[in-house]
Number of protein chains: 2
Amino acid sequence: MTMEVPQTAKHVYRFDEGNASMADLLGGKGSNLCEMARLGLPVPPGFVISTQVCRDYLADNQTLPEGLEASIKENIQGLEKAIGRNFGSVSDPLLVSVRSGARISMPGMMDTILNLGINDQIVAGLATMMGDPRPAYDAYRRFLQIYSEVVMEVDADAFEKALANHKRKAGVTQDFQLTAEQLQAVVADFKKITKDATGKEPPSDPWEQLMAAVKAVFRSWNTPRAIFYRDYNKIDHNMGTAVTIMAMVFGNLGPTSGTGVLFTRNPSTGDAEVYGEFLSNAQGEDVVAGVRTPEPIARMEDVLPESHGQLMTLAKDLETHYADVQDVEFTIENARLFLLQTRSAKRTALSAVKTAVDMANEGLITQSQALLRVDAEEIGKLLVPQFSTDMPEEILKERFLARGAPASPGAASGVVCFDATKAAELAAAGEAVILLRPETKPDDIHGIAAAVGVITSRGGVTSHAAVVTRGLGKPCIVGCEGLQVNLEAGTFTADGKTVREGDWISMDGVLGTFYLGDMDTVHPTLDDLPEAIELLGWADETRRLGVMANADTPADAAQALNMGAEGIGLCRTEHMFLDPRRLPAVRQMLLNAEAAEVWRRANGDRVFRAESEEEASQAVRDFYEALGQVRELQTSDFEGILKVMGARPVIIRLLDAPLHEFLPPYETLLTELMELRHVSVSLAELQEKEAFLHLVDSLRESNPMLGHRGCRLGLSFPAIYRMQVEAIITAGALLVKEGLDVNPEIMIPLTVDVEEMHRLRQDLSLVAAQVQVRLGVKVHYKFGTMIETPRAALTAGEIAKESEFFSFGTNDLTQMVFGFSRDDAEGKFLRAYIDEGVLPNDPFASIDVQGVGALVKMGVEAGRRERPNLEIGICGEHGGDPASVAFCHEVGLDYVSCSPYRVPVARLAAAQAALAESQI
Amino acid sequence: MTMEVPQTAKHVYRFDEGNASMADLLGGKGSNLCEMARLGLPVPPGFVISTQVCRDYLADNQTLPEGLEASIKENIQGLEKAIGRNFGSVSDPLLVSVRSGARISMPGMMDTILNLGINDQIVAGLATMMGDPRPAYDAYRRFLQIYSEVVMEVDADAFEKALANHKRKAGVTQDFQLTAEQLQAVVADFKKITKDATGKEPPSDPWEQLMAAVKAVFRSWNTPRAIFYRDYNKIDHNMGTAVTIMAMVFGNLGPTSGTGVLFTRNPSTGDAEVYGEFLSNAQGEDVVAGVRTPEPIARMEDVLPESHGQLMTLAKDLETHYADVQDVEFTIENARLFLLQTRSAKRTALSAVKTAVDMANEGLITQSQALLRVDAEEIGKLLVPQFSTDMPEEILKERFLARGAPASPGAASGVVCFDATKAAELAAAGEAVILLRPETKPDDIHGIAAAVGVITSRGGVTSHAAVVTRGLGKPCIVGCEGLQVNLEAGTFTADGKTVREGDWISMDGVLGTFYLGDMDTVHPTLDDLPEAIELLGWADETRRLGVMANADTPADAAQALNMGAEGIGLCRTEHMFLDPRRLPAVRQMLLNAEAAEVWRRANGDRVFRAESEEEASQAVRDFYEALGQVRELQTSDFEGILKVMGARPVIIRLLDAPLHEFLPPYETLLTELMELRHVSVSLAELQEKEAFLHLVDSLRESNPMLGHRGCRLGLSFPAIYRMQVEAIITAGALLVKEGLDVNPEIMIPLTVDVEEMHRLRQDLSLVAAQVQVRLGVKVHYKFGTMIETPRAALTAGEIAKESEFFSFGTNDLTQMVFGFSRDDAEGKFLRAYIDEGVLPNDPFASIDVQGVGALVKMGVEAGRRERPNLEIGICGEHGGDPASVAFCHEVGLDYVSCSPYRVPVARLAAAQAALAESQI
């Protein structure tokens with residue numbers, strides 16, 4: 001057969017004529033199928049009409065170019081030969097699918113038309129071929145509907161209503177329950193719907209069907225929704241779409257036919273064995289509809305051993321070719337195997353890690369590729385507690401209480417408790433407790449530390465509860481709007497169920513859901529995950545960025561080491577202050593700090609000696625007594641942490657929190673006092689309460705976030721920072737005497753000007769020197785600051801003159817750069833900002849590169865210009881967020897610090913950032 | 001007389017051999033005296049030993065260069081001739097002063113030795129010459145002490161103690177009360193002290209005294225304190241000091257001698273008349289000691305007409321030469337006039353303005369020089385109320401109550417009142433009221449507006465009270481620590497006095513002091529100050545920077561115009577909300593905003609019509625009813641302001657304050673509720689209170705400064721901003737219909753991202769368009785934003801895409817850049833930071849160039865890059881601070897905006913900034 005085809009353009013490409021690089025001309029879908037064919041994979045035969053044809057068609061007033069129809073016919077003949085059936089034949093019908101496909105996937109366009117080439121006669125032949133009329137008529141009615149919709153522009157609703165009517169008449173609820181006869185009636189109805197709407201039935205001539213479908217695909221390029229989609233996504237309107245036409249193959253032609261899905265490795269466990277499902281004598285829709293239950297792929301060996309063998313070989317080849325675990329759809333038609341699709345398999349975190357490591361060890365991919373294969377977040381998910389079994393859906397539904405924002409991953413079961421102190425007591429008595437509060441405050445730390453999980457009805461994923469639990473690696477759910485807590489009655493209500501304090505509940509911090517009753521959980525450690533250890537080892541060899549951990553206790557520090565931390569990037573001394581056993585001494589110290597400072601100034605900075613300072617007031621005595629107690633406690637705290645960390649750096653931040661955080665809330669005191677006035681108490685007691693209330697009032701601030709905290713406290717009350725430095729250097733000295741090498745780094749919080757650093761450094765260096773002289777031991781330490789105010793970042797060059805290290809506190813920096821209070825923003829407007837796209841993401845979760853990032857960059861550059869060997873890191877929540885880790889790598893930080901449980905995430909993310917850089 | 005002097009260097013310069021340009025060689029003091037001599041002014045004769053001699057002396061192991069002594073002797077002979085007395089002579093003694101003086105003034109060095117050349121014999125001659133032994137012996141004992149201290153290094157304490165002993169014995173308290181005989185005893189004691197300390201008395205040989213003094217001056221260059229001073233101030237250690245030796249002249253040699261001080265113009269009023277004091281037959285110390293009361297300079301004409309005439313001529317010449325008002329010290333010795341010093345005169349604000357303008361008009365200086373002569377702050381001081389009379393010191397002391405920080409200048413008298421509402425009522429009844437509170441809140445605005453002045457016991461100069469009163473031009477004193485307010489008793493106690501509510505007090509906002517009782521005040525306006533108007537006219541011709549005012553009412557706007565404002569740079573709509581008559585509607589609107597927004601979203605943004613929206617809840621109805629009321633009020637507000645300002649720009653900021661600022665404080669409600677529970681009220685009433693408390697609670701924020709405010713409200717509750725824009729454009733349209741040209745500019749507060757601007761602009765432009773279509777009138781308006789978060793400044797390039805103007809809100813920007821809460825910082829730590837020099841000044845008073853300024857600069861550059869004609873200004877408190885105005889000029893802003901009373905200050909400061917630039 002000879003035809004005149006313009007030499008300038010080839011209109012149509014057989015699958016074996018194209019390849020993966022031809023997406024511009026053949027579309028994404030089309031070129032991928034060509035690639036599979038090129039590799040010799042048994043895809044059903046097919047061909048692609050190029051995007052050039054679409055462009056010509058649209059440019060030339062919707063006229064198909066000359067010779068196209070002939071070319072299509074020629075290619076259909078090719079399909080007939082390849083598959084051994086004929087287009088339009090009643091006895092051995094060839095049906096085809098018709099798909100649109102531009103270079104870029106565009107959900108705004110035409111769907112696929114399956115089973116094209118069918119009519120009243122052919123459907124009968126198909127029924128004979130399948131040995132069952134039901135699937136044949138089912139295919140026919142599906143074709144009629146989709147063809148009417150996309151080619152003839154009939155509204156879909158009428159078809160859905162008609163089908164629903166038939167099901168109601170037949171007394172069934174599912175499509176597949178309709179019999180062949182009933183489906184024939186549906187077919188008749190569908191034709192009538194189309195005729196009523198357009199004046200004619202869908203054409204019965206297969207060729208007419210085919211050419212009309214091709215034109216419809218081309219026209220679909222310029223539907224309003226497609227144009228809108230391209231406008232919105234800034235896609236070129238002149239690109240045009242290709243049309244892929246492929247032979248339909250059938251897995252339901254008898255016992256030597258079938259269909260299935262396989263994964264080249266286990267997508268749950270990562271085990272290196274083919275995993276999948278197979279259904280004999282069936283089409284893909286049967287699996288989806290749940291008509292029959294598929295069998296494990298291994299069973300295929302018994303019924304279709306040859307195809308099974310071929311499939312196993314192909315699975316291996318595919319994995320080798322794509323160098324990744326594949327998810328393959330296949331159909332066997334009369335013992336002939338066809339692959340319909342292959343793509344990278346979705347997998348669990350566990351499987352992702354194991355397959356990446358295995359494939360690297362097998363030489364299939366490089367170690368670098370393995371590192372890039374695993375989403376850094378996934379590695380974090382492996383390390384949180386999980387429910388040990390999959391609870392059936394119905395039971396979960398029945399037990400469901402509420403859903404909130406997932407604030408810290410993990411799973412836990414425990415008795416619900418509404419009070420932090422009671423939670424701590426119950427936990428001390430061996431009970432697993434879930435602390436449930438409207439919100440948590442720094443005061444509640446002992447309760448949070450004792451609980452197995454925390455739920456709050458208010459607050460966002462960066463609220464106090466969320467931040468603390470993430471640090472502790474405990475599950476947390478926040479902002480549960482469906483939750484009504486009645487503290488007085490000791491109950492809460494959710495999803496219509498009322499739960500009493502002391503009842504068991506279970507929470508899933510990954511999903512943000514919680515349930516009535518107890519569920520089993522498991523808590524993996526890195527030791528349980530040998531592949532993760534191996535992968536992280538490669539990450540450590542690859543990354544340039546150091547990874548440290550935030551830890552406040554020796555136990556945290558040990559955990560951090562276990563997770564691979566190279567040091568402590570942030571040790572918060574106020575967490576040590578908040579221990580309820582210590583709080584009395586801490587409060588005594590803080591409440592008398594002002595009086596003591598007045599005394600100190602009047603007495604020219606001399607050391608206070610209780611026995612000789614007879615003129616000092618009781619407040620001054622109380623202060624120094626408490627200061628001594630706190631010094632002892634802090635010394636042993638620091639000794640514990642430094643001992644665990646050995647020669648690794650331990651960055652200890654001096655007191656940062658405002659004083660009122662250590663005192664009871666003003667309103668609680670006010671309420672107590674007002675109640676007291678109505679009962680008979682002594683005047684003295686009342687006056688004492690009033691004095692205390694007045695004191696707490698005087699420490700209150702309108703905006704504590706921007707208040708008297710950080711080094712402002714250090715300068716107002718020098719005795720406190722001196723005490724802390726004395727404790728740090730004493731702890732270090734004791735360990736050095738034991739022969740240990742230690743490296744404490746003293747960090748000043750909330751600096752705004754170099755002068756603060758200059759004064760504190762001068763004063764505190766003297767303290768450190770005195771301790772070393774007294775103990776006769778040299779302790780190596782550094783002195784540096786947090787950069788957490790915009791001004792510190794803007795004047796970092798000056799500040800670097802007095803700082804050996806910088807640690808960016810991007811939590812506070814984010815608050816100040818945006819003017820967002822972390823405690824308020826989430827519930828009030830930030831969630832809406834993110835949900836509605838005003839901001840692309842939560843700047844507290846992932847660093848805001850444009851704003852906060854710009855300041856970090858300026859700070860790094862100015863700091864290094866002044867002091868080239870300045871050690872620079874980040875110690876906020878961002879340190880464990882992969883995107884933020886990548887940013888930290890790019891701007892050249894030395895390390896990130898995050899909570900111990902996020903250390904593996906940061907290690908992997910840092911390696912990926914290094915690889916991304918080397919690939920540019 | 002011939003001597004060998006090395007040719008390389010001249011050691012000694014007579015006054016008439018040097019001039020003002022020789023400070024390197026002759027020191028600052030020496031070269032100035034030379035300059036006076038060069039001008040032919042009658043300075044006492046003298047000479048200078050050069051700094052080169054000092055350098056040689058120190059380099060050559062403390063050996064005086066050869067020939068120096070001879071050269072000194074030669075020059076002393078010159079002095080003898082010039083003055084007609086002889087050095088070392090008993091009958092006609094010449095005494096000299098010896099002073100150190102480097103090129104740069106160094107307070108760490110030797111003081112002046114007066115009366116050198118005296119001894120036991122000479123003092124007797126001096127007594128004869130003076131006709132009174134008392135001043136002669138007084139001069140002698142002063143010489144002995146200072147010589148012993150600086151040349152012989154005897155401790156000063158011993159002399160002070162001895163003198164005190166003599167006064168006690170004589171039963172007197174003042175030095176001048178000692179008789180000649182008693183002073184002789186002092187002299188004997190002083191010699192003994194020196195002998196006891198050093199083994200010898202001060203030398204009696206005048207030449208020995210002189211040479212020892214010269215060497216001592218040279219040695220003083222290298223005392224530890226001088227070295228430390230130079231180190232600290234980075235002064236070259238090799239510079240060396242000069243030594244000035246000058247003849248002592250005496251005003252106490254008889255009736256043709258005398259001493260005095262004159263100003264070439266009146267330093268209080270600026271009147272162009274010589275003003276000064278004269279004391280016949282006296283030395284300068286007599287004036288200082290208050291022995292006798294000087295007479296007006298005019299009286300001199302009677303006793304010493306020739307000297308008076310000479311002095312008047314010199315005064316004129318000096319003013320012409322220095323082109324500034326001079327403050328001249330003179331002495332007349334036996335009818336011979338000597339000028340001892342002349343310098344620019346200190347003067348009052350009034351005098352500074354008048355003399356500058358007069359001198360420019362006289363052609364003595366240029367208009368530019370006149371502009372630079374007046375401290376811009378001074379012009380502000382002229383425009384605040386002042387006490388009309390000078391109250392005697394004793395009465396002020398008696399009436400004194402307390403001193404706080406001067407937060408807003410001016411003076412006022414009124415009855416004291418502790419409550420804002422009561423203050424408003426009293427004021428409405430015609431009473432002058434001073435509002436005295438622990439601190440003020442936005443709720444108190446009606447009381448502040450009604451009061452003549454405000455005093456707070458807490459807070460700093462940037463607290464709410466301070467900021468609001470400065471805007472209103474009323475005096476304010478804050479942070480009065482000596483003040484105990486007892487609100488329950490209705491009294492306050494200060495300086496031991498108890499004052500009842502309703503008593504009269506008077507306050508001075510310049511000094512920060514307040515007093516019992518009523519005092520008369522006057523309130524000048526610009527119209528009372530013709531010279532100021534003239535000067536400001538020159539300023540307007542000179543400055544490049546525009547000056548606008550912050551004004552919220554038509555009265556403010558009129559005041560702003562009177563002060564020379566070119567437009568309104570900030571009209572705060574929330575101040576309109578806070579009027580107590582409006583607050584009910586405002587609260588009804590805000591409390592139902594959430595419910596209305598839920599309704600709006602559900603109803604697809606359609607306009608609410610009370611008559612047809614039957615399904616809407618009561619809350620939604622209440623909201624729209626209140627919204628309508630507020631719209632009416634705002635429309636007439638805006639109409640009033642726009643009418644006053646005519647075609648000038650009026651920048652109106654949409655609602656900025658967090659909603660809870662318009663509601664009663666939570667604690668007040670809590671206290672009320674708790675009290676209610678103990679009295680018998682209906683359950684319904686209790687529940688209603690509880691519901692209200694709950695609502696107020698839900699709007700509370702931990703850090704309201706960083707909370708749900710500004711455009712965050714605008715996006716959460718679109719109806720409110722739409723209402724405001726409708727009111728603005730309606731007001732504009734009504735005026736345009738009347739034939740007026742108006743230029744409202746709509747300003748969005750607290751932007752952090754361009755997307756906020758994009759959405760609001762799209763939405764609000766539509767509202768503006770609808771109003772214009774409805775009213776059939778075109779209103780010209782602009783749309784822009786405040787840059788008041790660091791992120792807005794950092795992403796200003798993006799934000800400029802959606803903004804026609806920027807207004808830097810440097811109050812909030814300063815809070816966020818430093819992390820300083822304006823409401824808290826002052827009292828807690830900021831005052832200490834400034835007092836102790838951690839920060840050089842208050843960043844809320846004067847813009848922080850390093851930090852905040854860096855962001856402003858970035859914002860300006862990025863904004864202009866994107867939109868070259870972007871209109872940029874500043875509207876915070878800084879707009880009225882001269883240093884900040886200079887910064888705004890330097891970074892190229894278009895205008896500053898400040899409170900109306902600061903507009904003249906800004907006009908002058910802007911002119912000075914322009915002049916400073918042109919001089920570089």
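Everything here concerns the structure above.
Parameters and conventions
- Residues numbered from 1 in each chain as written.
- Chains lettered and ligands numbered in written order.
- Predicted model: local features only at pLDDT ≥ 70, side-chain atom pairs only at ≥ 80, totals over all residues.
- Heavy atoms only, no water.
- Axes fitted to C-alpha atoms, helices over the stretch in contact; angles between N-to-C directions.
- Helix = DSSP H or I, 4+ residues; strand = E, 2+ residues; numbered from the N terminus.
- Parallel < 35°, antiparallel > 145°, perpendicular 65-115°, else oblique.
- Left-handed = near helix turned anticlockwise from the far one by under 90°.
- Contact = heavy atoms within 4.5 Å.
- Nonpolar A, V, L, I, M, F, W, Y, C, P; charged D, E, K, R; others polar.
- Buried area = accessible area lost by both parts, 1.4 Å probe.
- Salt bridge = Lys/Arg side-chain N within 4 Å of Asp/Glu carboxyl O.
- Polar contact = N/O pair within 3.5 Å; in protein donor to acceptor, adjacent residues only side chain to side chain.
- Core = buried A, V, L, I, M, F, W, Y, C linked by side-chain atoms within 4.5 Å.
- Buried < 20%, exposed > 50% of the residue type's maximum accessible area, 1.4 Å probe, protein only.
- Pairing = 2+ DSSP bridges.
- Right-handed = clockwise from strand over helix to strand, strands pointing away.
- Least-squares fit on C-alpha atoms with pLDDT ≥ 70 in both.
- Phe/Tyr/Trp six-rings, centres within 6.5 Å; stacked < 30°, edge-to-face > 60°.
- Expected span 1.5 Å × (residues − 1).
- Arc of directions from axis to C-beta.

> I keep staring at the packing of helix H26 (residues 666-676) of chain A against helix H26 (residues 666-676) of chain B and nothing clicks. Help me out?
The packing of two helices is summarised by the inter-axis angle and the distance between the axes. Taken N-terminus to C-terminus, the directions of H26(A) and H26(B) make an angle of 25°; their axes are 10 Å apart at the nearest point. The orientation of H26(A) relative to H26(B) falls into the category roughly parallel. Here H26(A) and H26(B) pass one another in a crossing that is right-handed. Mapping the contact onto sequence places Tyr666(A), Glu667(A), Leu670(A), Thr671(A), Met674(A) and Glu675(A) in H26(A) and Tyr666(B), Glu667(B), Leu670(B), Thr671(B), Met674(B) and Glu675(B) in H26(B). The residue makeup of the contact of H26(A) with H26(B), split by class, is six nonpolar, two polar and four charged.

> Looking at this structure, how should I read the interface of chain B and chain A?
Where the parts come together, the accessible area they lose is often given as the size of the interface. Opposite the 58 residues of chain B that make contact, chain A presents 58 residues. Buried area between chain B and chain A, summed over both chains or domains, comes out near 5,000 Å², and the portion from carbon and sulfur atoms is 53%. When the buried surface of chain B facing chain A is broken down by residue, Leu706(B), Arg791(B) and Lys828(B) rank first, second and third, together holding 13% of it. Taken together, chain B and chain A are joined by six salt bridges. A salt bridge links Asp848(B) to Arg791(A), with the nearest nitrogen and oxygen atoms 2.6 Å apart. Seen at the junction of chain B and chain A, the total is 28 residue pairs in polar contact (both at pLDDT 80 or more). Those elements that place two or more of their residues in the side of chain B that touches chain A are H26, helix H27 (683-699), helix H28 (711-716), helix H30 (754-775), helix H31 (790-794), helix H33 (810-818), helix H34 (822-835) and helix H35 (852-866) of chain B. Its residues assigned to classes, the side of chain B that touches chain A shows 23 nonpolar, 16 polar and 19 charged.

> When you look at the nonpolar core in this model, what are you seeing that I'm missing?
Nonpolar side chains in soluble globular proteins generally cluster together in the buried interior. Residues Leu535(A), Met589(A), Leu535(B) and Met589(B) are the most contacted members of the largest nonpolar core, which totals 313 residues. Residues within four places of Leu535(A) in sequence aside, it is in contact with Val353(A), Val357(A), Ala370(A), Leu371(A), Val374(A), Ile379(A) and Leu908(A).

> Could you clarify how one ought to interpret the pairing of strand E32 (residues 871-874) of chain A in this entry?
Residues and elements named next belong to chain A. Along E32, one buried face is formed by Glu871 and Gly873 and the opposite face, lined by Ile872 and Ile874, is buried too. Both strand E31 (residues 805-808) and E32 contribute to a ladder of four bridges, which runs parallel. Bridge pairing links Phe808 to Ile874 in E32. Pairing between E32 and strand E33 (residues 895-898): two bridges, direction parallel. For Ile874, the partnering residue across the bridge sits in E33 and is Val896. For the handedness criterion, the β-α-β arrangement of E32, helix H36 (residues 882-890) and E33 is classed as right-handed.

> So what exactly am I meant to see when it comes to the pattern of salt bridges here?
Side chains bearing opposite charge may pair, as long as their charged atoms lie close to each other. By the definition in use, this model includes 108 salt bridges over all chains. Ionic pairing is found between Arg653(B) and Asp656(B), a salt bridge with its closest N-O pair at 3.7 Å. Accessibility assignment for this pair places Arg653(B) and Asp656(B) in one class, buried. Overlapping salt bridges bring together Asp138(A), Arg141(A), Arg142(A), Lys167(A) and Asp175(A) as one network.

> What exactly am I supposed to notice about the relation of the copies chain B and chain A here?
In this arrangement, two copies of a chain are superimposed by a rotation about an axis accompanied by a shift along the axis. With an RMSD of 0.6 Å, the operation that places chain B on chain A is a rotation of 178° combined with a shift of 0.3 Å along the axis. Each copy turns onto its partner about a two-fold axis. In terms of proximity to the rotation axis, the leading residue of chain B is Asn703(B), whose C-alpha is 2.0 Å off the axis. Both copies share a contact surface, since 100% of the interface residues of chain B are interface residues in chain A too.

> Even after reading the chapter, I still don't get the sheet that holds strand E21 (residues 491-494) of chain A, so can you show me in this structure?
Picture the strands of a sheet paired through backbone hydrogen bonds; they go either parallel or antiparallel. Residue and element names in this part refer to chain A. One open sheet holds the three strands; their spatial order is E20-E21-E22, and the pairing between them is antiparallel. Taken across any chain shown, the strands that pair with only one partner, and hence form the sheet edges, are strand E20 (483-486) and strand E22 (497-500). Each strand axis lies, on average, 20° off the axis of its neighbour in the sheet, ignoring direction. In this sheet, E21 lies alongside E20 in antiparallel orientation, the contact comprising four bridges. Looking across to E21, one finds that Val485 is bridged to Phe492.

> Any chance you could explain the sheet that holds strand E5 (residues 96-101) of chain B here in plain terms?
All names here are of chain B. Within the open sheet, the five strands sit side by side as E1-E2-E7-E5-E6. Their pairing is antiparallel. In this open sheet, the two edge strands, each paired with only one partner strand, are strand E1 (12-14) and strand E6 (113-116). Sheet twist, expressed as the mean angle between neighbouring strand axes with direction ignored, is 20°. With two bridges joining them, E5 and E6 adopt antiparallel strand pairing. Each residue of the ladder has a partner; that of Val98, found in E6, is Ile113. Each of E1, strand E2 (46-49), E5 and strand E7 (242-247) is contacted by helix H3 (residues 68-83), which is oriented at about 165° to E2, the strand it contacts most.

> Explain unusual backbone geometry here, please?
The bulk of non-glycine residues show a negative phi, and the bulk of peptide bonds are trans. Of note, the phi angle at Asn334(A) is positive, near 45°, even though the residue is not glycine. Turning to its location among the elements, Asn334(A) is positioned in the loop between strand E11 (326-333) and strand E12 (336-344). Take Asn334(A): its relative accessible area is 44%, and that puts it in the partly exposed class. Residues other than glycine seldom take positive phi values, yet Asp495(B) does so here, at roughly 50°. Note that Asp495(B) resides in the loop between strand E21 (491-494) and strand E22 (497-500).

> Which parts of the structure should I look at to understand the packing of helix H36 (residues 882-890) of chain B against helix H37 (residues 903-919) of chain B?
All names here are of chain B. The contact between H36 and H37 brings their axes to 8 Å, and the two run at 50°. The pairing of H36 with H37 is recorded here as oblique in orientation. Of the two elements, H36 crosses H37, and the hand of that crossing is right-handed. Residues Pro882, Val885, Ala886 and His889 of H36 pack against Val905, Ala906, Ala909, Ala910, Ala913, Ala914 and Glu917 of H37.

> Looking at this model, I keep getting lost on the environment of Asp697(B). Mind explaining?
Of note, Asp697(B) is situated in helix H27. Under the relative-accessibility criterion, Asp697(B) is labelled partly exposed at 23%. Separated by 578 residues in sequence, Asp697(B) and Asn119(B) have C-alpha atoms that sit 85 Å apart. Contact partners of Asp697(B), with chain neighbours within four places excluded, come to Arg458(A) and Tyr666(B).

> Just checking my understanding: could you explain the packing of aromatic side chains for this structure?
Note on aromatic pairs: each is described by the distance of the centres and the angle between the planes. For the coordinates displayed, the defined rule picks out 32 aromatic pairs over all chains. Between the aromatic rings of Phe159(B) and Phe190(B), the centroid separation amounts to 5.0 Å while the plane-to-plane angle is 80°, which identifies the pairing as edge-to-face. Linking Phe159(B) in helix H6 (residues 156-170) with Phe190(B) in helix H7 (residues 180-198), this pair joins segments that are 31 residues apart in sequence. On the numbers, 6.4 Å between centres and 85° between planes, the contact of Phe820(B) with Tyr833(B) is edge-to-face. Of this pair, Phe820(B) sits in the loop between H33 and H34 while Tyr833(B) sits in helix H34, and the two are 13 residues apart along the sequence. For Phe820(B), a relative accessible area of 0% gives the class buried. The exposure class assigned to Tyr833(B) is buried, which follows from its relative accessible area of 3%. One aromatic cluster is present, built from ring pairs that chain together Phe818(A), Phe820(A), Phe829(A) and Tyr833(A).

> Would you explain the side chain of Thr810(B) in this entry?
Residue and element names in this part refer to chain B. With respect to the helices, strands and loops of the structure, Thr810 is situated in helix H33. For Thr810, a relative accessible area of 0% gives the class buried. Once residues lying within four places of it in the same chain are set aside, the contact partners of Thr810 are Ile847, Val852, Val856, Ile874, Gly876 and His878.

> What is the right way to look at helix H20 (residues 530-542) of chain A in this model?
Residue and element names in this part refer to chain A. Along its 13 residues, H20 runs 19 Å from first to last C-alpha, staying within 8% of the 18 Å computed at 1.5 Å per residue. Every buried residue of H20 is accounted for by Ala532, Leu535, Leu536, Trp538 and Ala539. All buried residues of H20 project into a common sector of 155° when viewed along the axis, lining one side. Away from its buried face by more than 90 degrees, H20 exposes Pro530 and Glu541. Lining the buried residues of H20 we find helix H13 (349-361), helix H14 (367-373), helix H15 (376-381) and helix H37 (903-919).

All quantities given are derived from atomic positions and should not be read as evidence of function.
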